[in-house]
Amino acid sequence: MDLVIITRKMKSNKIIVALDSKNFNGTINLVKILKKEVYAFKIGYQFFFNFGLEGYKKIYSICPKIFLDLKLHDIPNTVEKGLEALVKMNPLFTTIHISGGDEMMQSSKSVKKNTKILGVSILTSMDNKQTMKYYNQNQISTLVKKFAKSAKRNNLDGVVCSPQEITYIRKEVGKNFIIITPGIRINNKIKKDDQKRIETPRKAIDLGANYLVVGRPITKSKNPLKVLREINKTLI
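Residues numbered from 1 in each chain as written. Predicted model: local features only at pLDDT ≥ 70, side-chain atom pairs only at ≥ 80, totals over all residues. Heavy atoms only, no water.

Whenever I open this one, the packing of helix α2 (residues 24-34) against helix α11 (residues 224-234) confuses me. Can you help?
Any two packed helices are characterised by how steeply their axes cross, that is the angle between the axes, and by the distance between the axes. Packing of α2 against α11 brings their axes to within 10 Å, and their N-to-C directions diverge by 40°. As far as their axial angle goes, α11 and α2 are oblique. Crossing handedness for the pair α2 and α11: right-handed. Of the residues in α11, those in contact with L30, I33 and L34 of α2 are P224, L225 and L228. (Axes fitted to C-alpha atoms, helices over the stretch in contact; angles between N-to-C directions. Helix = DSSP H or I, 4+ residues; strand = E, 2+ residues; numbered from the N terminus. Parallel < 35°, antiparallel > 145°, perpendicular 65-115°, else oblique. Left-handed = near helix turned anticlockwise from the far one by under 90°. Contact = heavy atoms within 4.5 Å.)

Pasting the structure below:
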């Protein structure tokens, strides 16, 4: 294969497929089908709490590039001890909530090893009414900027944010800070969609995201591999 084509394909592999499922065999088959076309796979609550460490190891044996998205949020010592155990699993990325505070974020520095620690800003399911209720701030952009700057100041490796916050976060944190973006949609055909702040893959990358988390648009489609390849083509 032409070197230019290979290079372009590598650059286009920015998709992290979310494995949100309680169907173990179906998930394993999906990983085998998609592994050459993804950047990584995201394991979150549903899969991890159903299948635990053994389920994780099985996915890891097929594709070791894993984003273990457990969103730790507790007192600093508890988070530090949790991360000490978690990094032994050697995921590429894991997450903690920025709202846990400075000391909690700082506790991750001594234990992260090869795992990148990302800060969760404001969940993409929240809108300005919810942020007003729980953070006393109806400007999501103001909150997210504040959170992103705190994450960088406390030496996290990056943030997870919605597509709508990418531009001003990138301005705040510079180029050498990872931005991973969920809330990616190919169309608006997902039933009961709980994501409020969404964008297309190409637009999110153009805005400055490093990697995109895509779940249901791929995993719930009739042909996940075809959909993933179509997304990747838009990113070349």
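Would you take a moment to explain the pattern of salt bridges for this structure?
Between side chains of opposite charge, a pair can form when the charged atoms approach closely. Using the criterion set out here, one finds five salt bridges in the structure. Its salt-bridge partner being R202, residue D206 comes within 2.8 Å of it at the nearest N-O pair. Here R202 and D206 lie together in helix α9 (residues 201-207), a separation of four residues that amounts to about one turn. A relative accessible area of 29% means that R202 is categorised as partly exposed. By sharing partners, the salt bridges in this structure join K42, D69 and K71 into a single network. (Salt bridge = Lys/Arg side-chain N within 4 Å of Asp/Glu carboxyl O. Buried < 20%, exposed > 50% of the residue type's maximum accessible area, 1.4 Å probe, protein only.)

What's the story with a positive patch on the surface in this structure? I'm lost.
The grouping of K32, K35, K36 and K58 at the surface amounts to a positive patch. For K32, the location among the structural elements is in helix α2. (Patch = residues over 30% accessible without salt bridge, like charges linked within 9 Å, V, L, I, M, F, W, Y side chains within 5 Å. Areas by Shrake-Rupley, 256 points an atom, 1.4 Å probe, with all protein chains shown as cover. Lys, Arg positive; Asp, Glu negative; His and termini not counted. Charge placed at Lys NZ, Arg CZ, Asp CG, Glu CD.)

Would you mind showing me how to read the packing of aromatic side chains here?
Aromatic ring pairs are reported here in terms of the distance separating the ring centres and the angle at which the planes meet. Scanning the model with the defined rule gives 10 aromatic pairs in all. Ring geometry for F24 and F51: centres 5.0 Å apart, planes at 55°, overall tilted. Residue F24 is found in helix α2, and its partner F51 is found in helix α3 (residues 45-62); the two are separated by 27 residues along the sequence. Aromatic side chains Y39 and Y211 sit 4.1 Å apart centroid to centroid with 20° between the ring planes, which places their arrangement in the stacked category. Here Y39 is found in the loop between α2 and β2 (40-43), whereas its partner Y211 is found in strand β8 (residues 211-214), with 172 residues between them in sequence. Through a chain of ring-to-ring contacts, three or more aromatic side chains come together here, namely Y39, F67, F93 and Y211. (Phe/Tyr/Trp six-rings, centres within 6.5 Å; stacked < 30°, edge-to-face > 60°.)

What is the right way to look at the pairing of β8 in this model?
Two faces belong to every sheet, and in a regular strand the side chains alternate between them. Residues Y211 and V213 line one face of β8 and the alternating positions L212 and V214 line the opposite face, and both faces are buried. Relative to β8, strand β1 (residues 15-18) is paired through three bridges, and the arrangement is parallel. Its bridge partner lying in β8, I16 is registered against V213. (Pairing = 2+ DSSP bridges.)

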